[in-house]
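# A structural walkthrough
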Amino acid sequence: MMLHLLNRSPQFDGIYWDLSEAFGAEDHLLLIEDACYAALPAAAASLAAFGGRVSVLSEDAASRGLLDRLSDGVTVVDMAGFVALTATFPRSLSWF
Amino acid sequence: MIDRPYDVLSYALLVHAAPYSEQGALSALRFAQAAVAQGHRVSSVFFYRDGVHNASMLMAPPQDEVHLAEGWRSLAQEHGTELLVCVAAGLRRGLMSAEESARHGREAHNVEPPFVLTGLGQLVDAMLGNDRVITFAP
Amino acid sequence: MTDDETAPAADTQPISLDLLVILRHPPHGSSWLREGVDVALVAAAFGQAVGLLFQGDGVFALVEGQGAGPLGQKGTHAQLAMLEMYDIERLWVSASALRARGLTLADLALPALALEADEIDHLVHAQPRTLLF
């Protein structure tokens, strides 16, 4: 069970592929910083490999004007929720 | 998942992101503040690669921006977090303590406690000695 | 003929190390690879069992025939030559990364094992600690 942190926009598709190779059946993906753009419906293909187990950091999505535009399948967590995810998942791996 | 109670954990953060150039340094500080607010312990922050610039005591951002070095210092003073700066990455990039400055025959230094220049072995120790290691990168 | 510990079948089982370092960046253009390998070497020097997984452009780190750059950039070929000295002998590469770049294991300067996506998943999840550079 791992939490994957990703901060790159979906225009860097190589990293989404590399992440998908390491992504396990019980893993979760948290989109932060520029990875928030992957939570737009138009970028849904970039998240297809992650089986709906994807969250986005609310403050980073809000600052980018994305909060009202997010895909339905992506859950929103605040910074306290980010910390809680790292506590819930025994290991975290950052992709950048 | 997010509302469930959990144990108090010890964290080490690894920061590769340069201050102000990338959001990663701000994200790391925000995360550290949120972690201690939830009662967790942030034992150490290890600054590596361009992250070493977070340690410059000469950092002088405009007054309407977050002062990152000040934020890290507050974390150290209020929560006992160790601020560890990779000495090899730091020296390459011009980050020097008074001691290193004297060793290299320089007249100035820009790293002072609570920031401490140290070796990568401290990163290995931080990985082994904490419940969680979270990386923040550019 | 008897199976020995270097038989490929043994290597394909998930193995638990103390630290797995994932390297995704190519040499020379940035210091990600170099400073990532530095962490692996120091961890190994501190007695940790360390393995390396090369993904994406990181597989170019292993390509044979590399040298120093024109301004004396050291590159990583010399550093990689030190891996064995530090007992870092578990090297894995993403099979899809090799294919996408027109490379095979024969193009690599060090012996490595190519892993498909499900094997990378298993490898990463078998490790107590993983860092990515």
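Residues numbered from 1 in each chain as written. Chains lettered and ligands numbered in written order. Predicted model: local features only at pLDDT ≥ 70, side-chain atom pairs only at ≥ 80, totals over all residues. Heavy atoms only, no water.

Per an unreviewed UniProt entry, the recorded name for chain A is Sulfurtransferase complex subunit TusB, and the organism is Salinicola endophyticus.

## As for the overall build of chain A
Rules: Secondary structure follows DSSP: runs of H or I at least 4 residues long count as helices, runs of E at least 2 residues long count as strands, and numbering of each begins at the N terminus. With the radius of gyration taken over C-alpha atoms, the globule rule is written as 2.2 Å times the number of residues to the power 0.38. To sort residues, take the accessible area from a 1.4 Å probe on protein chains only and compare it with the maximum for the residue type: under 20% means buried, over 50% means exposed, and anything in between is partly exposed. Contacts between residues were defined by any pair of non-hydrogen atoms, one from each residue, lying within 4.5 Å. Where accessible areas are quoted, they stem from the Shrake-Rupley method and a 1.4 Å probe; at the residue level, only the protein chains shown are allowed to cover.
Tallying secondary structure elements over chain A gives three helices and five strands in all. Helices and strands appear in chain A in the N-to-C order β-α-β-β-α-β-α-β. The globule rule puts the C-alpha radius of gyration for 96 residues at 12 Å, and the 12 Å found for chain A is close to it. Overall, chain A is about 30 × 30 × 20 Å in size when its C-alpha atoms are taken along their principal axes. Here chain A holds 96 residues, and the buried ones make up 61% of them. Within chain A, counting contacts between residues at least 6 apart in sequence, those at least 24 apart form 67% of the total. As presented, chain A carries roughly 3,500 Å² of accessible surface, and 54% of it is formed by carbon and sulfur atoms.

## Regarding the interface of chain C and chain A
To be explicit about the condition: Buried area is understood as the total, over both parts, of accessible area removed when two parts are fitted together, assessed with a 1.4 Å probe. Only one rule defines a salt bridge in this text: a Lys or Arg side-chain nitrogen within 4 Å of an Asp or Glu carboxyl oxygen. Polar contacts, as used here, are pairs of N or O atoms within 3.5 Å; protein pairs need one atom able to donate a hydrogen and one able to accept it. Residues neighboring in sequence count only if both atoms are side-chain atoms.
Contacts between the two partners involve 19 residues from chain C, matched on the other side by 16 residues from chain A. Approximately 1,400 Å² of surface area, both sides summed, lies buried where chain C meets chain A, with 53% of it carried by carbon and sulfur atoms. The largest contributions to the chain C side of the interface with chain A come from C:R24, C:H125 and C:L132, which together make up 39% of the buried area. For the interface between chain C and chain A, the tally reads one salt bridge. As a salt-bridge pair, C:R24 and A:D18 come within 2.7 Å of each other at their nearest N and O atoms. Seen at the junction of chain C and chain A, the total is 12 residue pairs in polar contact (both at pLDDT 80 or more). If you list the elements that add at least two residues to the side of chain C that touches chain A, you get α5 (117–125) and β5 (130–132) of chain C.

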